[in-house]
Amino acid sequence: MEIFRIENLTFKYPLREKSALNNIGLSIEKGSFVLLCGKSGCGKTTLIKQFKPPLTPHGEKNGQIFFNNKLIETLTDFEQAQSIGYVLQNPDNQIVTDKVWHELAFGLESLGKSQEDIRLRVAEMANFFGIQNWFYKDVSTLSGGQKQLLNLASVMAMGPDVLILDEPTSQLDPIAAVDFLETLSKINSELGVTIILTEHRLEEVFKFVDKVIVLENGDIIANDAPKQVCKILFEQNHHMRYALPAPARIWGELNYGEYPLTIKEGRLKLEEKFRACKSTLQAPILNNNEKALEMKEIFFRYERNGADILKALNFNVYKGELYALVGGNGVGKSTTLSVIAKLYKAYRGKVKYYTDKIFMLPQDPQTLFVKNNVFDDLAEVFNGKTLDNNEIQKRINEITKLVGVYDYLKNHPYDLSGGEQQRVALAKILLLEPNILLLDEPTKGLDAHFKKTFADILKKLMEQGKTIIMVSHDVEFCAEYATRCGLFFDGSIIAEGIPQKFFGKNHFYTTSSNRMARNVFKNAVTVREVVSLCKQNAHL
């Protein structure tokens with residue numbers, strides 16, 4: 001039985017020449033777990049917002065959407081609020097109260113439920129989601145993972161038939177992301193709730209879903225079971241194959257005709273095929289000793305009598321390198337960038353700079369937007385500089401073509417997708433020509449296709465002697481492109497090294513490729529490295 005039926009849906013935003021959705025026809029079965037994926041700006045968020053009337057964007061719409069065989073426009077506010085749950089990408093944008101218990105109760109209060117019913121539902125949610133230990137906490141003290149779990153529990157308290165989520169793991173560390181997805185799977189399998197989510201991070205989610213829908217330029221190009229979608233993308237040589245889970249990518253690149261989705265499945269197949277092989281990847285040696293930045297015994301706290309966030313932090317970053325800080329939510333990574341950027345001052349210790357022009361791309365790109373269209377926002381960078389309008393136009397055109405947002409120069413930054421906003425913010429920072437570039441979760445919201453372009457941009461900056469310090473939960477990106485990685489825990493860096501050594505010795509905080517291949521290929525931490533070693537040892 002279908003819960004959503006979409007017939008000939010077309011949608012076009014104001015001031016856009018192209019439609020965001022083109023004649024979409026789609027049926028979503030009740031109780032299914034559906035993944036929507038595709039490049040940034042392909043129409044994923046636009047499509048799922050059509051399923052929640054209060055969130056449907058302004059624009060020209062044609063076609064029909066049915067929810068439980070009723071036109072979605074005919075649903076009352078009460079019906080849609082209770083039956084269609086929606087979890088936003090940024091957890092802070094959805095939280096409306098100051099206490100955890102009140103956040104759980106808020107939706108039920110809005111629906112006019114009795115106090116007895118509210119107490120029962122809140123207790124159920126607290127137990128089901130494991131919230132008992134922080135039930136009375138202030139929301140402001142929660143980690144990103146806890147906030148997203150609270151949003152999910154608050155929506156589920158209202159008993160929806162369908163749960164819609166827009167990139168819910170984009171701001172979570174890898175371990176918290178898996179925990180969140182496992183919770184969604186439990187909701188789907190045990191409670192029978194239909195789940196529809198969009199994601200760019202496909203590494204873990206593929207194994208949980210029943211169906212994968214791939215969009216491109218507003219059209220559906222694949223709509224099938226996960227393994228079949230893998231097969232379709234490789235047969236079409238489509239760029240979305242780079243976003244697939246590591247086991248499927250490795251087997252697809254080797255043309256073995258199979259597409260394992262889990263680490264276990266991929267590991268067993270790899271060990272069976274290469275059991276006679278025990279190769280060690282030779283790690284590169286770094287020779288650069290010219291420092292760009294040095295931090296010595298840094299201590300920092302947000303409040304005078306509060307707990308230390310940074311504790312005896314020491315680390316050096318060298319000219320022309322990409323240093324990646326990884327670790328769980330709330331351990332001090334973003335705070336470190338803010339101290340380097342001089343937004344905060346350490347109360348003990350010293351930061352020594354060996355160059356100038358230090359600029360930071362914050363985690364929330366919207367904090368950089370101050371104008372009503374993208375062009376004016378980027379042009380604001382040149383205020384006070386002696387450049388004529390032609391030169392400003394030329395530089396903005398060059399940078400926006402580089403990051404793929406040239407077509408959006410007339411649009412308001414807030415009207416763009418999360419990934420497009422991230423690229424506009426990157427363009428603004430690059431126009432400042434930094435010598436030290438600080439990046440806080442720069443790949444959040446970026447599709448696999450643009451990540452390669454982004455990596456090329458970073459490589460060119462490094463070749464020019466620029467230094468990049470990046471905070472990221474995207475361990476696959478860090479393993480592929482960073483020169484060194486540091487693991488942040490409890491306010492300081494507890495381990496660091498080149499990616500092959502760093503991820504190769506970790507058991508949990510490592511890449512999917514390494515977990516899959518570590519018993520056969522030592523130090524291989526990326527899909528590229530595993531595929532290369534497989535080809536070298538194919539004769540064994």
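Residues numbered from 1 in each chain as written. Predicted model: local features only at pLDDT ≥ 70, side-chain atom pairs only at ≥ 80, totals over all residues. Heavy atoms only, no water.

(A) Spatial organisation of helix 8 (residues 246–253). Counting buried positions over the eight residues of helix 8 gives seven, a clear majority of the element. The inward-facing, buried residues of helix 8 abut helix 7 (226–235), helix 9 (263–273), helix 17 (512–517) and helix 18 (527–536). Asn255 sits one or two positions beyond helix 8 and adopts a positive phi of about 55°. (Buried < 20%, exposed > 50% of the residue type's maximum accessible area, 1.4 Å probe, protein only. Helix = DSSP H or I, 4+ residues; strand = E, 2+ residues; numbered from the N terminus. Contact = heavy atoms within 4.5 Å.)

(B) Structural view of unusual backbone geometry. Residue Asn8 is not a glycine yet carries a positive backbone phi of 50°. Topologically, Asn8 is positioned in strand 1 (residues 2–12). Phi is positive for Glu433, which is not a glycine, with a value near 50°. Assessed through its relative accessible area of 44%, Glu433 is described here as partly exposed.

(C) Structural context of the confidence of the model for the protein. Considering every residue of the protein, the mean pLDDT works out to 88; 97% of them sit at 70 or more. For the protein, strand 11 (residues 279–280) is the element with the lowest average pLDDT, namely 60, and strand 8 (residues 194–198) is the one with the highest, namely 95. (pLDDT = per-residue confidence, 0-100.)

(D) Structural detail: the sheet that holds strand 8. Strand order across the open sheet formed by six strands is 6-7-8-3-9-10, with mixed pairing between neighbours. Of all the strands in the sheet, just strand 6 (84–87) and strand 10 (219–224) have a single pairing partner and so form its edges. Geometrically, the sheet is characterised by an average inter-axis angle of 15° between neighbouring strands, direction not taken into account. Where strand 3 (residues 33–38) meets strand 9 (residues 211–216), five bridges bridge the pair, whose relative direction is parallel. Bridge pairing in strand 9 places Val34 opposite Lys211. Strands strand 3, strand 7 (162–166) and strand 8 of the sheet are contacted by helix 6 (residues 174–191), whose axis makes an angle of about 150° with strand 8. Against the sheet, helix 7 engages strand 9 and strand 10, with an angle of about 130° to strand 10. (Pairing = 2+ DSSP bridges. Axes fitted to C-alpha atoms, helices over the stretch in contact; angles between N-to-C directions.)

(E) Here's a closer look at the domain arrangement of the protein. In terms of domains, the protein is made up of domain 1 (2–239) and domain 2 (291–520). Contact residues are listed per partner, giving 22 residues for domain 1 and 23 residues for domain 2. Buried area between domain 1 and domain 2, both sides added, is near 1800 Å², and the carbon and sulfur share of it is 49%. Looking only at domain 1, the three residues that lose the most surface to domain 2 are Arg16, Ser40 and Gln171, adding up to 27% of its buried area. Residue Arg515 is joined to Glu204 by a salt bridge in which the shortest nitrogen-to-oxygen separation is 3.3 Å. (Domains from an automatic or database assignment. Buried area = accessible area lost by both parts, 1.4 Å probe. Salt bridge = Lys/Arg side-chain N within 4 Å of Asp/Glu carboxyl O.)

(F) Structural view of the packing of aromatic side chains. Tallied over the entire structure, the rule returns 17 aromatic pairs. Seen in terms of ring centroids, Phe4 and Phe67 are 5.2 Å apart; in terms of plane orientation they differ by 50°. Their pairing is tilted. With Phe4 in strand 1 and Phe67 in strand 4 (residues 60–67), this pair connects stretches of sequence that are 63 residues apart. On the basis of relative accessibility, which here comes to 1%, the residue Phe4 falls in the buried class. Taking the centre distance of 5.0 Å and the plane angle of 85° together, the rings of Phe11 and Tyr13 count as edge-to-face. Comparing Phe11 with Tyr13, the two get one shared label, buried. An aromatic cluster is defined as three or more aromatic residues linked by ring pairs; in this entry it consists of Phe4, Phe51 and Phe67. (Phe/Tyr/Trp six-rings, centres within 6.5 Å; stacked < 30°, edge-to-face > 60°.)

(G) Representation of the packing of helix 12 (residues 389–403) against helix 13 (residues 418–431). Here helix 12 crosses helix 13 at 135°, and the two axes come no closer than 9 Å. As summarised for this structure, helix 12 and helix 13 are arranged oblique, according to the angle between their axes. Our pair here, helix 12 against helix 13, has a crossing hand that is right-handed. Here Arg395, Ile396, Ile399 and Val403 of helix 12 lie close against helix 13, whose contacting residues are Arg423, Leu426, Ala427, Leu430 and Leu431. Tallied by class, residues from the contact of helix 12 with helix 13 come to seven nonpolar, no polar and two charged. (Parallel < 35°, antiparallel > 145°, perpendicular 65-115°, else oblique. Left-handed = near helix turned anticlockwise from the far one by under 90°. Nonpolar A, V, L, I, M, F, W, Y, C, P; charged D, E, K, R; others polar.)

(H) Just the nonpolar core, in detail. Ranked by internal contacts, the top residues of the largest apolar core, which has 60 residues, are Leu152, Leu163 and Leu184. For Leu163, the contacting residues outside a window of four places in its chain are Gly85, Val87, Leu152, Val155, Met156, Leu184, Val193, Thr194, Ile195 and Ile196. With 50 residues, the next largest nonpolar core counts Ile392, Leu409, Ala425 and Leu439 among its residues. (Core = buried A, V, L, I, M, F, W, Y, C linked by side-chain atoms within 4.5 Å.)

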